[in-house]
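What the coordinates show
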Amino acid sequence: MMPCITRILVLFLALCLAGSATEARAENKVKVIASFSILGDMVKNVGGDRVAVTTLVGPNGDAHVYQPTPAAAKAVGGANLVVVNGLGFEGWMDRLIQTSGYKGPIVVASRGIKPREMTTEEEEEHGAKHEPKIDPHAWQNLSNGRIYVENIAKGLSSVDPAGAAIYKANTDAYEAKLADLDQWVKAEFAAIPEAKHRMITSHDALGYFGAAYGITILSSMGVSTESEPSAGDIARLIKQIRGEKITAVFIENVTDPRLMEQVAKESGATLGGELYSDALSNPGEAAPTYIDMFKNNVTKIVAAMRKGL
Ligand code: ZN
C-alpha cells in the first residue's frame, strides 16, 4: 500500500513540477520593449521563443508623432530590456522611461552605424544657421540592419546569459538572410540604367537606402513627418519632377497619401504605390517583416523605374 501511495505522490509531485516548470518558462521569458515595429521584428528574429516582445508604435504607426499611453509606461516599467533606434527618432522615449520607473538596460540599435547628416533645402534658402540634422532612418540600409541585429543580440545576452548561444545562432541565421537580401537589392538596381535611379517620396525616410543602393531621392517633407510642407515646397518639388524627368512618386504607409497624389497629378508623374518606411504592415499585408518591407519597396521602385525605360 505504501509503495502505491508513494508512487502516486511521486507522480503528483512530478506533475506539479512539470506544471510549475511550464509556468516558469512563460514567466521567465525576457520581456522586451521595442520602440517601433521594425525593431520588434528584429527582436523576435534574434530572441525567438525566449523573448516576449511588446512593440510601442505598432504596424503602420508613425513613431515621429507617437504619444505614449499610460499602458505603454506600465509595459516599459515591467520590462527586462528596452530597444530603441536612437539618432533622435524617439523624441518621446526619455520621458517615457522616466515616467515608467524603468531602470534596466537600453539597447540603442543604431549604435555603431555611420550617421547620415542632412540639412533641408529650406534651411539653406533661409540662411538658417547651419545645424546638420541626423537622419534617424538608418534601418533602410541592410548593412546597418545587420548592426542593429548584433546590438540587439548583445543586449539580450546581457540580460539572459543562459540564452547567449541561442541568440548567437539566431543572429547568424538572420544575418545570412539579410546579406542575401542585400545582394538581391543590389542586383535589382544594377539591372536598371543609372539615369533612372531617381525617385520621390513624401518624407525623407530613404536617405540611407538611396546612399546604400545608388538612388537619388527627393522628398516633399524633411526627415520627420511632423511638419507639413508649404505650398512653396510643393511647387518646387513639382518643378523638380518635371525638370529632372522623374517618372514616379511614392506614398508611404505612415504619411497622408493626398499630398503625393496631388504632386503626381500636377507634375504628370505616376504614383508608384505604397512604400514602407518607418513601420511594418499588419500581418497578411505587404510588409509584416523587415525582410518583406525591403522586398515590397524594392519591387515597387524597380517596377516604377522600368516603366520609364
Ligand atoms: Zn520617418
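This text follows the structure it describes.
This write-up is about the structure you can find in this document. Nothing here was measured: the structure is a model prediction, and the numbers come from that model.

Quick notes on the rules
Within each chain, residues carry numbers counting from 1 in the order of the written sequence. Under the rules for a predicted model, residues below a pLDDT of 70 receive no local features and side-chain atom pairs below 80 are neither given nor counted, while totals for whole chains, interfaces and linings still include all residues. Side-chain measures here rest on the full set of heavy atoms in the structure, leaving out hydrogens and waters. Secondary structure elements follow DSSP: runs of H or I of four or more residues count as helices, runs of E of two or more count as strands, with numbering from the N terminus. Burial here depends on accessible area, computed with a 1.4 Å probe over protein chains only, as a share of the maximum for the residue type. Under 20% is buried, over 50% is exposed, and the range in between is partly exposed. For this analysis, residues touch if any pair of their heavy atoms sits within 4.5 Å. In summary, the pairing rule links any two rings of Phe, Tyr or Trp, Trp by its six-membered ring, whose centres are within 6.5 Å, and it sorts them by plane angle into stacked for under 30 degrees, edge-to-face for over 60 and tilted for everything else. What counts as an axis is a line fitted to C-alpha atoms, over the stretch in contact for a helix, and the angles between N-to-C directions run from 0 to 180 degrees. Roughly parallel means an angle under 35 degrees; roughly antiparallel means over 145; roughly perpendicular covers 65 to 115; every other angle is labelled oblique. Charged means Asp, Glu, Lys or Arg here, nonpolar means Ala, Val, Leu, Ile, Met, Phe, Trp, Tyr, Cys or Pro, and polar covers whatever is left, Gly included. We treat two strands as partners when DSSP finds at least two bridges between them.

What about the overall build of the protein chain?
A tally of regular secondary structure across the protein chain gives 11 helices and 10 strands. Counting every position in the protein chain, which comprises 309 residues, the buried fraction comes to 46%. When contacts within the protein chain are restricted to residue pairs at least 6 apart in sequence, those whose partners lie at least 24 apart make up 66%.

As for the packing of aromatic side chains
Describing an aromatic ring pair means giving the distance of the ring centres and the angle of the ring planes. Across all of its chains, the model carries eight aromatic pairs by this definition. A connected cluster of aromatic rings, assembled from ring pairs, spans Phe189, Phe209, Tyr213, Tyr290 and Phe294.

Some remarks on the packing of helix α7 (residues 164-190) against helix α11 (residues 290-307)
In contact at an axis separation of 11 Å, α7 and α11 are set at 5 degrees when each is read in the N-to-C sense. The pairing of α7 with α11 is recorded here as roughly parallel in orientation. Residue-level inspection shows Tyr174, Lys177, Leu178, Leu181, Trp184, Val185, Glu188 and Phe189 of α7 in contact with α11, the latter providing Tyr290, Ile291, Phe294, Lys295, Val298, Thr299, Ile301, Val302 and Met305. Classifying every residue of the contact of α7 with α11 by side-chain character gives 13 nonpolar, one polar and three charged.

Looking at the sheet that holds strand β1 (residues 30-36)
If you walk across this open sheet you meet the four strands as β2-β1-β3-β4, and the pairing is parallel. At either end of the open sheet lies a strand with only one pairing partner, and these are β2 (51-57) and β4 (106-108). In this sheet, adjacent strand axes meet at a mean angle of 20 degrees when their direction is disregarded. Here three bridges tie strand β3 (residues 81-84) to β4, and the two strands are oriented parallel to one another. Of the residues in β4, the one forming a bridge with Val82 is Ile106.

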